[in-house]
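Here is how the chains run, residue by residue.
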Amino acid sequence: MKAFSFSRASTPAEAAASAQRIEGAKFVAGGTNLLDLMKLEIETPTHLIDVSKLKLDTIEATAEGGLRIGAMVRNTDLAADARVRKDYALLSRALLAGASGQLRNKATTAGNLLQRTRCPYFYDTNQPCNKRSPGSGCSAIGGFTRMLGVVGVSDACIATNPSDMAIAMRALDAVVETVSPEGATRAIPIAELHRLPGDTPHIETVLTPGELITAVTLPKPVGGKHVYRKVRDRASYAFALISVGAIVQPDGSGRVAVGGVAPKPWRVEAAEKEMVRGAKAVTDGLFAGANPTHENAFKLTLVQRTLDAVLTEARG
Amino acid sequence: MLRASNLREHDMTSPGDLELNRRDLMVAAAATAAVASAPSGAGAQPAAAAAVRAPSKATVSMMVNGEARRLVDLDTRTTLLDALRESLQMPGTKKGCDHGQCGACTVIVDGRRINSCLSLAVMHEGESVTTIEGLGTPDNLHAMQAAFVKHDGYQCGYCTPGQICSAVAVLDEIKAGVPSHVTADLTAASYDPTADEIRERMSGNICRCGAYSNIVDAMSEVAGRRA
Ligand SMILES: Cc1cc2nc3c(=O)[nH]c(=O)nc-3n(C[C@H](O)[C@H](O)[C@H](O)COP(=O)(O)OP(=O)(O)OC[C@H]3O[C@@H](n4cnc5c(N)ncnc54)[C@H](O)[C@@H]3O)c2cc1C
Ligand code: SF4
C-alpha cells in the first residue's frame, strides 16, 4: 500500500473542501472497497479523509412521506430499519443478498453506491485495463467474460457495477444528495449517478472532484410486492451473475431493475410497461441493443427466466 | 503541502532516516508536478502512484479487551488487524486472505463483528475492540469457545478465532432482530436461530477444513437449540 496522510472531517462541507484542496485525496467511509484496492495499489490516494464519523448516520422521515438515509448509515442498519423492511423491502433484500455480515457492518450507503467493478482484469495490475489505467486497453474484451456486462458496455470497457443495493435504489427512484467543495448542494436521480463507459471508463459517476454524498432519499412508498432474486455461483457470499429486483403491483404492472449485466443498475422504464405481458416482453426491451460475448450471452436468458420466476412469486 | 510537513515531522522523530526521506521528498515533489497535469476525473490514477512516499504517522487510542491501549508513531497504513497482531502483540486474531474474503480476521468492535483486515487502525480512535483473547481464557472459556471444543468446530484451528468472534456476534444479531438473506418474513418481530439462519449469517467465515456442520452444532447449542 502507498503511504498516505490521514485526517478526520468534522462537517460534510469541510470534508468536501479538503478533498478538493489536497491533491490526490479520497474519502474513506467503511473502507471495505477502498482499502482492498489500496492494498493492491489500484487506488493510490495521497491523503484519506475519514468521513465515517460525520453525523450522516441516521434515517429520517421526509416531509413527502419518504425516507432520507444518511450517507454513513451502515448497510446492516439500513437493511434492519423497521420502515425499510416494511415499505422498501426490496432495499432490505438487496442489501442482505450482498457481501457478508461483517462487511455489511462496515459498509456505508455512499460507499456501497461508489464501490468499483469486480472485473478480474481491473484487479490484475499486470494486465491492461482502460478503467484502471486509461488508454492501456481492455483485457476483458477477447478474454474471460462470463462475469462481465452485456448491455450499456462499450469498446473500451465491458465491466459491470457490482452493487446489489444500487439495483433496489434504482427501482425505488432514489435520489442522491451531495455537497460540493464550494458548499453547494445538489440532488442527483440515481439513474444519472453512474455513467456509461463510452471511451472514458475510468470516469464512473457524474460526481465532480471533492463532491461528497451526504444522503440518499427515497420517495414515498409505492406499495406492491417486492422481490430481489440474485443468481450466483454460491448460495451466499458471492457477487451476482445476474440479479433481478422487482416491485409488482396487484394489477400486474410494476418496475424492474437488473444487476450483473451493465456498468450501472439497469432499468428501462419503457420495457417495464410490458410487465403485464410477461417476462419475455420486458426482457426484450431491457436488452434492446445488448452486445454480449459468446461467454456471457447466457445472461440474457438467465434474466428472462429469473424475471419469470420473480413475477410468478410476486403474483402467487 | 501536507506531505512535506509530514516528512519534516518524521525527520525529526527519526533522524536516522534523514537520508532516505530527503530522497523520498524529491521523488514526491517530482510526482506532484506530474499530478498537476494528470486528469482529475473520478477514478483517474494519480501519477504519484509510482512514486515512493514517506510513511505518515499517527497516534490512536482504543480499548482492547477492556484495556486502554495507545499506539504512537503508527504508520497510517496499519490495519486494525496488523495493529492487534504486530503492534499489540496479540496474535490470536488471524490473517487469512487480508482482503475481507475469508473472515479469519473477524473481531468485534463496539458490539459489531467486522473484518479487521479491511479497516485502518486510525479509524478506530476511541472505539472498543474485542478479540478472541478477550472473549475467554484457557481456564475460563466463553460459552462459544467451550461449545467449539465440545463439538469439534475446527480442525487446523486457523479460522477458529474469527469463527468464534463471528459466532458470538451472530447470535447477538439474531437476538437484536437483524434479518438475513434467508429470513422468510422481514417484518417478523423476532427470528429463531435456525440452522439455515446460522449457515447464511456465517457465510463470511471460510473454513478450509470444512468444520461447518460442527460449527453449526456448537452455535445451536449456545443458542439453546438442538441442531
Ligand atoms: C469479499 C467481499 C464481498 C463483497 N460482496 C458484495 C456483494 O455480494 N454485493 C455487493 O453489493 N457488494 C459486495 N461487496 C462490496 C461492498 O458492498 C462494498 O465494499 C461496500 O459497500 C463499500 O462501502 P464502504 O463504506 O466500505 O466504502 P469505502 O471503501 O469506504 O469507499 C468506497 C468508495 O466510495 C467513496 N466514498 C465513500 N463515502 C463517500 C461519500 N460520502 N461521498 C463520496 N464518496 C464517498 C470512497 O472514496 C471510495 O472511492 C463485497 C466486498 C467484499 C470485500
Ligand atoms: S472490462 Fe473494463 S474494467 Fe475490465 S479490463 Fe476492460 S477496461 Fe478494465
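Residues numbered from 1 in each chain as written. Chains lettered and ligands numbered in written order. Predicted model: local features only at pLDDT ≥ 70, side-chain atom pairs only at ≥ 80, totals over all residues. Heavy atoms only, no water.

Enquirer: Even after reading the chapter, I still don't get the overall build of chain B, so can you show me in this structure?
Expert: In terms of regular secondary structure, chain B is built from eight helices and five strands. Secondary structure elements of chain B, listed N to C terminal, follow the sequence α-α-β-β-α-β-β-β-α-α-α-α-α. Counting all 227 residues of chain B, 48% fall into the buried class. Taking contacts inside chain B between residues at least 6 apart in sequence as the whole, the part at least 24 apart equals 52%. Within the structure as shown, chain B displays about 10,600 Å² of accessible surface, and the carbon and sulfur contribution to it stands at 53%. (Helix = DSSP H or I, 4+ residues; strand = E, 2+ residues; numbered from the N terminus. Buried < 20%, exposed > 50% of the residue type's maximum accessible area, 1.4 Å probe, protein only. Contact = heavy atoms within 4.5 Å. Areas by Shrake-Rupley, 256 points an atom, 1.4 Å probe, with all protein chains shown as cover.)

Enquirer: Would you mind going over the layout of surface pockets with me for this structure?
Expert: If a probe as big as a water molecule is rolled over the atoms, it shows which places are left empty. The space that makes up the second largest pocket amounts to roughly 390 Å³. Taken together, the elements giving at least two residues each to the lining of the second largest pocket come down to α6 (101-106) of chain A together with β4 (112-115) of chain B. (1 Å grid on protein atoms, 1.4 Å probe; cavity = no way out; pocket = protein on both sides within 12 Å on 5 of 7 lines; lining within 4 Å. Points joined across faces, edges and corners; volume = space filled by probe spheres on them.)

Enquirer: Help me understand the site of ligand 2, please; the structure alone is not making it clear to me.
Expert: Inspection of the region around ligand 2 gives 13 residues, with C119(A), C129(A), C138(A), C157(A) and I158(A) positioned closest. Across the shell around ligand 2, the residue classes break down as ten nonpolar, two polar and one charged. (Near = heavy atom within 4 Å. Nonpolar A, V, L, I, M, F, W, Y, C, P; charged D, E, K, R; others polar.)

Enquirer: How should the interface of chain A and chain B be read in this particular structure?
Expert: In many analyses, interface size is given as the accessible surface area lost on bringing the parts together. Contacts between the two partners involve 56 residues from chain A, matched on the other side by 60 residues from chain B. Summing the contributions of chain A and of chain B, the shared interface buries around 4,600 Å²; its carbon and sulfur component is 54%. For the interface between chain A and chain B, the tally reads three salt bridges. As a salt-bridge pair, K53(A) and E127(B) come within 3.2 Å of each other at their nearest N and O atoms. Taken together, the connections running from chain A to chain B amount to 30 residue pairs in polar contact (both at pLDDT 80 or more). Here the side of chain A that touches chain B takes five residues from α6(A), the largest share from any one element. (Buried area = accessible area lost by both parts, 1.4 Å probe. Salt bridge = Lys/Arg side-chain N within 4 Å of Asp/Glu carboxyl O. Polar contact = N/O pair within 3.5 Å; in protein donor to acceptor, adjacent residues only side chain to side chain.)

Enquirer: Sorry, what's going on with the confidence of the model for chain B here?
Expert: As a general rule, the predicted coordinates of low-pLDDT regions are not to be interpreted in detail. Overall, the predicted model of chain B reaches an average pLDDT of 83, with 76% of residues at or above 70. Across residues 1-49 of chain B the pLDDT falls below 50, and counting only partners more than four positions away or on other chains, this stretch makes 48 contacts in the model. (pLDDT = per-residue confidence, 0-100.)

Enquirer: What exactly am I supposed to notice about the UniProt feature "domain: FAD-binding PCMH-type" (unreviewed entry) in chain A here?
Expert: Per the UniProt record, "domain: FAD-binding PCMH-type" (unreviewed entry) is found at residues 1-223 of chain A. Taken end to end, residues 1-223 of chain A is 28% helix and 16% strand, and its first and last C-alpha atoms sit 47 Å apart. (UniProt positions renumbered as here; feature names shortened; annotations may be inferred.)

Enquirer: Can you help me understand the packing of helix α5 (residues 143-151) of chain B against helix α6 (residues 160-175) of chain B in this one?
Expert: Residue and element names in this part refer to chain B. For the pair α5 and α6, the least separation of the axes is 10 Å and the interaxial angle reads 125°. By the angle class used here, α5 and α6 are oblique. At the point where α5 passes α6, the crossing takes the right-handed sense. In contact with M144, Q145 and F148 of α5, α6 contributes T160, Q163, I164, A167, V168 and L171. Looking at side-chain class alone, the contact of α5 with α6 contains six nonpolar, three polar and no charged residues. (Axes fitted to C-alpha atoms, helices over the stretch in contact; angles between N-to-C directions. Parallel < 35°, antiparallel > 145°, perpendicular 65-115°, else oblique. Left-handed = near helix turned anticlockwise from the far one by under 90°.)

Enquirer: Teacher, can you tell me more about the packing of aromatic side chains here?
Expert: The geometry of two aromatic rings is summed up by the distance between their centres and the angle between their planes. All names here are of chain A. This structure, assessed with the given rule, holds one aromatic pair over all chains. Centroid distance F122 to Y123: 6.0 Å. Interplanar angle 80°. Geometry classified as edge-to-face. A relative accessible area of 1% places F122 in the buried class. Residue classification places Y123 among the buried residues on the basis of a relative accessible area of 19%. (Phe/Tyr/Trp six-rings, centres within 6.5 Å; stacked < 30°, edge-to-face > 60°.)

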